[in-house]
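# Fold and contact review
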Amino acid sequence: MSVTGLQRTLAFINGEDTDRPPFHPIIMRWAAKYSGVKYRDFCLDPHSKCSAMIRCARDFDIDWVTVMSDPWAEASAFGIEVEYPEDSLPVDTGGHFSNAARAAEIKPFKVMDNLRCKNRIAEIREFRKVLGDELFIVGWVEGPVAEYVDLRRASEAAMDLYIEPENAGKAMDAIIESALPFISLQIEAGAHCIGIGDAFCSQIGPDLYEQFAFNRQKKLVDHIHSLGAIAKLHICGNTEAILPLMIATGADIVDIDHLVPSMAGFLPLLGPKQVFSGKADPVSVIQDGTTDSIETTVRKDMKEASGRCIISAGCEITPGTTAGNMHAFRLSARKYQK
């Protein structure tokens, strides 16, 4: 009897022997392009996204499906105006909070009153209806810092952390209070795991990460665990300085970008049921590399992690990646042996 992607992923996280490591490339624009879906539809139409993700998973032996497409679902619920070009990334066009004091006044949104958030629940339901327990189904929420940046824009948000930390913190608390029921609804809909995306944290250093992100992320992780699901923490960029705290949130899956020099020194910090995920460079290796360089990178990364790493790139697979290189990435995952 063949092992399913869900079984393989759960066994791997639990430290059990598996036939191979799970293969979890982050595919969004690549999935839409490969499947012939316009990116506006991928973002806004649950069936289009689910069909594309399932096709890619089956064509490339991918062990998971996710609801990832863009960071604007929660932001739109908070009032950010977003435009969706036919076949490129969504763009925030207005509605940003003019200052930290205004941002501090936000109230938690009602998940089912916002179309983008409702669509995420619908996506998970469709995944579960079509796949059952075949693949590892991953929902998503934005982390407190990343979402605050979406509401205030990057430069303004960064200044707020220094100049108006109390107001920034109040806004982040409202963000967390919105995320908690959003997580609950996604798990009720059938998600096995919830990812927390907090990319801007790699830009703020360990002191500000501890002040603004750590406890709030941990609250999300603890909530996910209380509902019997797996927690994944994704922070792009060089997270070497904050990686001990990322691991300390208790997230079961800790994503590692290619910009982190090595995972090896952080292995002793992992709990018995924590794993890394990463960390091939999605451009120089997966998009532009050869079959040999992709396989070499996977072996190097797995050696760094002593085998405790889900095979993935450090971030999203680019839409310029050929199907041939994705097959090479897939085969590298299948070939890997401890």
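Residues numbered from 1 in each chain as written. Predicted model: local features only at pLDDT ≥ 70, side-chain atom pairs only at ≥ 80, totals over all residues. Heavy atoms only, no water.

Let's shift gears to helix H9 (residues 154–163). Among the residues of H9, those classed as buried are Ala157, Asp160 and Leu161. The arc that holds every buried residue of H9, seen down its axis, measures 100°, which confines them to one face. The outward face of H9, more than 90 degrees from its buried face, is lined by the exposed residues Ser155, Tyr162 and Ile163. Packed against the buried residues of H9 are helix H6 (100–103), helix H8 (144–152), helix H10 (165–189) and helix H11 (205–226). (Buried < 20%, exposed > 50% of the residue type's maximum accessible area, 1.4 Å probe, protein only. Helix = DSSP H or I, 4+ residues; strand = E, 2+ residues; numbered from the N terminus. Arc of directions from axis to C-beta. Contact = heavy atoms within 4.5 Å.)

In terms of burial, strand E8 (residues 275–280) is largely enclosed, as six of its six residues are buried. Relative to E8, strand E7 (residues 253–256) is paired through four bridges, and the arrangement is parallel. When the bridges of E8 are listed, Val254 appears paired with Phe276. (Pairing = 2+ DSSP bridges.)

This part is about the environment of Thr9. By the secondary structure assignment, Thr9 is in helix H1 (residues 5–13). Taking the C-alpha atoms as reference points, Thr9 and Val149, separated by 140 residues in sequence, lie 32 Å from one another. Leave out the neighbours within four places in its chain, and Thr9 touches Pro22, His24, Asp63 and Phe136.

Moving on: the pattern of salt bridges. Pairs may arise between side chains of opposite charge once their charged atoms sit close together. Taken as a whole, this structure holds 24 salt bridges when the rule is applied. One salt bridge connects Asp92 with Arg153, and the closest N-O pair in it is separated by 3.8 Å. Placement of Asp92 in strand E3 (residues 91–94) and of Arg153 in the loop between H8 and H9 is noted, with a sequence separation of 61 residues between them. Each of the salt bridges in this network shares a partner with another, and the network as a whole consists of Arg8, Asp19, Arg20 and Asp63. (Salt bridge = Lys/Arg side-chain N within 4 Å of Asp/Glu carboxyl O.)

As summarised here, the arrangement of the seven strands in space is E1-E4-E5-E6-E7-E8-E9, forming an open sheet in which the pairing is parallel. Looking along the sheet, the strands with just one partner apiece sit at the ends: strand E1 (64–66) and strand E9 (309–313). Neighbouring strand axes in the sheet, compared pairwise and without regard to direction, differ in orientation by 25° on average. Looking at chain direction, strand E4 (residues 136–142) and strand E5 (residues 193–197) are connected through five bridges and run parallel. Bridging across to E5, Val141 finds its partner in Ile196. (Axes fitted to C-alpha atoms, helices over the stretch in contact; angles between N-to-C directions.)

Contact geometry of H9 with H10 gives a least axis separation of 6 Å together with a crossing angle of 115°. From H9, Asp160, Leu161, Tyr162 and Ile163 reach across to H10, where they touch Pro165, Ala168 and Met172. Looking at the contact of H9 with H10 residue by residue, the class counts come to six nonpolar, no polar and one charged. (Nonpolar A, V, L, I, M, F, W, Y, C, P; charged D, E, K, R; others polar.)

What follows covers the layout of surface pockets. Taken as a whole, the largest pocket spans an internal volume of roughly 620 Å³. In terms of lining residues, the largest pocket is bounded by 27 residues, among which Met28, Asp70, Pro71, Glu142 and Ala199 are the most central. Contributions of two or more residues to the lining of the largest pocket are made by E4 and H8. The element contributing the most residues to the lining of the largest pocket is H8, with three residues. Considered class by class, the residues forming the lining of the largest pocket number 16 nonpolar, three polar and eight charged. (1 Å grid on protein atoms, 1.4 Å probe; cavity = no way out; pocket = protein on both sides within 12 Å on 5 of 7 lines; lining within 4 Å. Points joined across faces, edges and corners; volume = space filled by probe spheres on them.)

Take empty space enclosed by the protein next. Once rolled over the atoms, a probe with the size of a water molecule shows which space is left empty. Taken as a whole and judged by the stated rule, the model has two cavities of 30 Å³ or more. Here the largest cavity defines a volume of roughly 40 Å³. Residue lining of the largest cavity: Glu74, Phe78, Phe109, Glu142, Glu147, Ile175, Ser178 and Ala179, and that is the complete set. Sorting elements by how many residues they give to the lining of the largest cavity places H10 first, with three residues. Along the lines of polarity and charge, the residues of the lining of the largest cavity split into four nonpolar, one polar and three charged. Taken as a whole, the second largest cavity spans an internal volume of roughly 30 Å³. Together, Cys43, Lys49, Val67, Ser69, Arg116, Asn119, Arg120 and Glu123 line the second largest cavity.

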